[in-house]
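# Results of the structural survey
Chain by chain, the residues:
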Amino acid sequence: MTDVRVRFAPSPTGMFHVGSARAALFNWAVAERAQGRFILRIEDTDASRNRPEWTEGIIAALDWIGINGTNPVFEGPYFQSANEPQHREAVAKLLADGKAYYCDCTREQVQERTGSKDKGYDGHCRERGLSAGAVRFRTPDEGVTVVDDLVRGRVEFPNKAQEDFVIARSDGSPLYVLANAVDDITQSITHVARGEEHLPNAARQELLWPALGATPPVWAHLPVIVNEQRKKLSKRRDKVALEDYRQEGYLAEAMVNYLMLLGWGPGDDREIMPWSEMVQLFKLEDVNPSNAFFDEKKLRAFNGEYIRALPLEIFEERCEPFLDPSWDRELFSKVAALAQTRIAVLSEIRQNVDFLFLGEPVFDQASWDKAMKNSPLEILTGYLDRLESVSWDPESLKQALEEVGAAQGLKLGKAQAPVRVAITGRTVGLPLFESIEVLGRARSQERLRAALARLRG
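Treat the numbers as computed from the prediction; the structure is a model and nothing was measured.

## Side note on the environment of Val110
By secondary structure assignment, the location of Val110 is in helix α4 (residues 107-114). The spatial distance from the C-alpha of Val110 to the C-alpha of Phe38 is 42 Å, given a sequence separation of 72 residues. What Val110 contacts, discounting residues up to four positions off in sequence, is Cys105, Gly120 and Tyr121.

The structure is reproduced here in structure tokens:
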């Protein structure tokens, strides 16, 4: 199939929302599976809100999740503002065909006639024969407009409940509902998969397409993505910007995998799977219409799985942006494999390995108070003495601390807590004895002495 043409049409008015990323990926999967075309169209007609950096952000975010021109199904980006002549021509055609008319009514006038601010437009200007004003589309008075939706099934909109909606302002500039339909027709879009909030627009566009001489596309309105309170994700309340997750150290492949499962599943118990498999299994008609819960804890777990699956040398490369430029990369390589099993996002690498590169470990008062509350002087002193001559390997280092702890009636878990904070500055981190081995005898002794000095005041 090469005739499938989908589009992703974001507005450059802010950071790139994870819900937009999910919609883009669903469309991308449809295009790839059919070997059709994925059209990126930037809907930039709202000049008061658009900024060039938002457009650049959209393109960069899509590129990060694998949607770019390296794949032959990709087309664009196109810009809606370049299509304004076609939009105006469409308005003129609808006026000429008697399918639209001019209206000079104000909102206040409509409310005064209808007696309610909630009632729609009353058709007052339909037969007035005006030659200027806003342009309204003439909706049918009877019957229903049907949107056959791959996700939601048959959705009926009674025509008597649909007002004659505005398609162009009084200055001639087109509104979204008209521009969107014209662009889709011009670009021969066959499938429109977008958020559920656009379903009312589909009823209007289902009327506009035939009025403009075209067959409406296949509709698929995707489920709302909600937070843990089951409220729609909001940029004012939730972490929704894809860029934030990227900067925090989420892997693109983990994010793609997780987003694809927000409203869709492969039909078995698998969740972790490569894009190539998801593409072959994905169908819009299999999308669940119920709200999809964006669970950041589950996303973190996904990301951890993907991090652990990376070849070690690739893991080290992915960590590079999160490491200080001055840090010795050979030294980092000695603990990279240990860190790989313990972090869920790449930004956590720094707090796990910084003790190796700092003159003294980061001092965290809470960690210090927790580890040092049971008078660990004997543990630290005894272990410092043992480090003078112990064989320098993890097993010997562990055995030495076990013996020091046993002399104080402590098991290893209790004995190693003050040593860990003295060595690394934190209560959690890489395996302690491997960390001590890499840090070296002299530096490890120095840190134990510094901890003892602090305890003694």
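Right, picking up where we left off after that structure.
## Quick notes on the environment of Ala309
Position of Ala309 relative to the elements: it lies in helix α10 (residues 296-309). C-alpha of Ala309 to C-alpha of Leu356: the two residues are 47 residues apart in sequence and 25 Å apart in space.

## Observations concerning the state of the cysteines
Taken as a whole and assessed by the stated rule, the structure comprises zero disulfides. Between Cys105, a free cysteine, and Cys125, which holds the nearest cysteine sulfur, the sulfur-to-sulfur gap is 3.4 Å. Among the residues examined, Cys105 registers a relative accessible area of 15% and is labelled buried.

## So, the UniProt feature "binding site: Zn(2+)" (unreviewed entry) in the protein
If you check UniProt for "binding site: Zn(2+)" (unreviewed entry), the listed places come out as Cys103, Cys105, Cys125 and Glu127 in our numbering. Spanning 25 residues, the named residues nonetheless gather at one spot, since no C-alpha pair among them exceeds 13.2 Å. Counting through the fold element by element, Cys103 comes out in strand β4 (residues 100-103). Here Cys105 shows up in the loop between β4 and α4.

## A closer look at the pattern of salt bridges
Applying the stated criterion to the full structure yields 30 salt bridges. Note that Glu248 and Lys239 form a salt bridge whose closest N and O atoms lie 2.6 Å from each other. For Lys239, a relative accessible area of 28% puts it in the partly exposed group.

## Some remarks on the domain arrangement of the protein
Domains assigned within the protein are domain 1 (88-168) and domain 2 (313-456). On a C-alpha basis, the centres of domain 1 and domain 2 stand 71 Å from each other.

## Focus on helix α6 (residues 199-211)
In this model, α6 (13 residues) spans 19 Å end to end at C-alpha, consistent with the 18 Å of a helix rising 1.5 Å per residue. The sharpest bend along α6 reaches about 25 degrees and sits at Gln205. Among the 13 residues of α6, 10 are classified as buried, and the element is accordingly described as predominantly covered. In the segment just after α6, Gly213 is the residue with positive phi, at about 85 degrees.

Conventions and cut-offs
- Residues numbered from 1 in each chain as written.
- Predicted model: local features only at pLDDT ≥ 70, side-chain atom pairs only at ≥ 80, totals over all residues.
- Heavy atoms only, no water.
- Helix = DSSP H or I, 4+ residues; strand = E, 2+ residues; numbered from the N terminus.
- Contact = heavy atoms within 4.5 Å.
- Disulfide = S-S within 2.5 Å.
- Buried < 20%, exposed > 50% of the residue type's maximum accessible area, 1.4 Å probe, protein only.
- UniProt positions renumbered as here; feature names shortened; annotations may be inferred.
- Salt bridge = Lys/Arg side-chain N within 4 Å of Asp/Glu carboxyl O.
- Domains from an automatic or database assignment.
- Expected span 1.5 Å × (residues − 1).
- Bend = angle between axes of the 7 residues up to and from the residue.

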